[in-house]
Amino acid sequence: MKLKINDFDALIVVDMQKDFMPDGALPVPEGDKIVPVLNQYIQLFADKGNPVYFTRDWHPPNHISFRGHGGIWPPHCVQDTEGAKFHPDLKIPLDNKFIISKGTSRDFDAYSGFQGTILDQLLKERGIKRLFIGGVATDYCVKNTVLGGLNLGYQVFVLEDAIKGVEANKGDIEKAINQMLEKGAVFINYGEIE
Ligand code: VGL
Ligand code: ZN
């Protein structure tokens, strides 16, 4: 039996930006491979009139997460640069979609789409109860957005066929998946919903 998408479900697509793709400044291996699958999820939610939220890293040029400014990452997703744009093949709906920018001030970083944003407020306004979350990176922003959603009381489904991780250290992805499972996230694939 398939899981039926209802009116209180939202899709959250995490950080599908050029800088996180294989040729980008902070590449997630095979990050581009999940674009077609994410597009299927986007199509399904959009067709049903369900909202789709796109988070994006949107850093100032001197952001604290950058090397030389106190952080560990190469500069990435700098506001209004090419690398901060969404993957060109990502099918962003015209209606009923929301862009959530995070890590926008110099002195704060945000791995979770909920951190320092109005995402929770937007979801609650609509009565959203269940979140379907995919994107990059499994071991950073996807994980933190999933845990954030669970903490805020949402039921969270992770799109197993539409996530990719960095795996800076061996085992990072598996560890992230186990953390999400432990907190109550449910992993699903496209074929399991309708
Ligand atoms: C991310 C590292 C730094 C992510 C963002 O989107 O997972 N990772 N900034
Ligand atoms: Zn970042």
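For clarity, every value in this text was computed on a predicted model and none was experimentally measured.

Quick notes on the coordination of the zinc ion (ligand 2)
Part 1: Protein coordination at the zinc ion (ligand 2): the donors are Asp 57 (OD), His 59 (NE2) and His 76 (NE2), at 1.9 to 2.2 Å from the metal.
Part 2: Considering all four donor atoms around the zinc ion (ligand 2), angles at the metal cover 85 to 170° and the coordination shape is irregular.
Part 3: Sequence positions of the donors to the zinc ion (ligand 2) reduce to the motif D-x1-H-x16-H. Linking His 59 in the loop between strand 2 (52-57) and strand 3 (97-102) with His 76 in the loop between strand 2 and strand 3, this pair joins segments that are 17 residues apart in sequence. Across this residue pair, the class does not change: His 59 and His 76 are buried.

Examining the site of ligand 1
Part 1: Asp 15, Phe 20, Leu 26, Asp 57, Trp 73, His 76, Tyr 111, Val 136, Ala 137, Tyr 140 and Cys 141 make up every residue found near ligand 1.
Part 2: A distance of 3.0 Å separates a nitrogen atom of ligand 1 from a polar side-chain atom of Asp 57.
Part 3: Across the complex, the protein chains shield 98% of the 260 Å² of accessible surface that ligand 1 would expose by itself.
Part 4: Here the residues of the shell around ligand 1 are counted per class, giving eight nonpolar, one polar and two charged.

Considering the pairing of strand 5 (residues 155-164)
Part 1: Bridging between strand 4 (residues 130-136) and strand 5 involves six bridges; their strand directions are parallel. Residue pairing across strands places Leu 131 opposite Val 156, the latter belonging to strand 5.
Part 2: With helix 3 (residues 138-151) bridging strand 4 and the parallel strand 5, this β-α-β connection has right-handed handedness.
Part 3: Pairing between strand 5 and strand 6 (residues 186-188): three bridges, direction parallel. Looking at strand 6, one finds that Phe 157 is bridged to Val 186.
Part 4: Handedness of the strand 5-helix 4 (residues 172-182)-strand 6 crossover: right-handed.

Some remarks on the side chain of His 63
Part 1: Here His 63 shows up in the loop between strand 2 and strand 3.
Part 2: Among the residues examined, His 63 registers a relative accessible area of 0% and is labelled buried.
Part 3: Among the polar contacts made by the side chain of His 63, one reaches the side chain of Ser 65 at a distance of 2.8 Å.

Here's the deal with the environment of Tyr 41
Part 1: Of note, Tyr 41 is situated in helix 1 (residues 35-47).
Part 2: Overall, the relative accessible area of 0% leaves Tyr 41 in the buried class.
Part 3: Considered as a pair, Tyr 41 and Ala 84 are 43 residues apart in the sequence and their alpha carbons are 22 Å apart.
Part 4: Beyond its immediate stretch of four places on either side in the chain, Tyr 41 contacts Leu 11, Leu 159, Asp 161, Ala 162, Ile 188, Asn 189, Tyr 190 and Ile 193.

Things to note about the packing of aromatic side chains
The geometry of an aromatic ring pair is captured by the separation of the ring centres together with the interplanar angle, meaning the angle of the planes.
Part 1: Counted according to the given criterion, the structure contains eight aromatic pairs.
Part 2: Between the aromatic rings of Tyr 53 and Phe 98, the centroid separation amounts to 4.8 Å while the plane-to-plane angle is 15°, which identifies the pairing as stacked. Here the residue Tyr 53 occupies a position in strand 2, and Phe 98 occupies one in strand 3, the gap between them amounting to 45 residues.
Part 3: Tyr 53 sits in the buried class, given a relative accessible area of 0%.
Part 4: A residue is classified by how much of its surface remains accessible, and Phe 98, at 25% relative accessible area, is partly exposed.
Part 5: Grouping aromatic residues by their ring pairs yields a cluster made of Phe 45, Phe 132 and Phe 157.

Thresholds applied
Residues numbered from 1 in each chain as written. Chains lettered and ligands numbered in written order. Predicted model: local features only at pLDDT ≥ 70, side-chain atom pairs only at ≥ 80, totals over all residues. Heavy atoms only, no water. Donors = N, O, S within 2.8 Å, 3.2 Å for Na, K, Ca; no water. Tetrahedral: all angles 85-135°; square planar, octahedral: opposite > 155°, others 65-115°. Helix = DSSP H or I, 4+ residues; strand = E, 2+ residues; numbered from the N terminus. Buried < 20%, exposed > 50% of the residue type's maximum accessible area, 1.4 Å probe, protein only. Near = heavy atom within 4 Å. Polar contact = N/O pair within 3.5 Å; in protein donor to acceptor, adjacent residues only side chain to side chain. Areas by Shrake-Rupley, 256 points an atom, 1.4 Å probe, with all protein chains shown as cover. Nonpolar A, V, L, I, M, F, W, Y, C, P; charged D, E, K, R; others polar. Pairing = 2+ DSSP bridges. Right-handed = clockwise from strand over helix to strand, strands pointing away. Contact = heavy atoms within 4.5 Å. Phe/Tyr/Trp six-rings, centres within 6.5 Å; stacked < 30°, edge-to-face > 60°.

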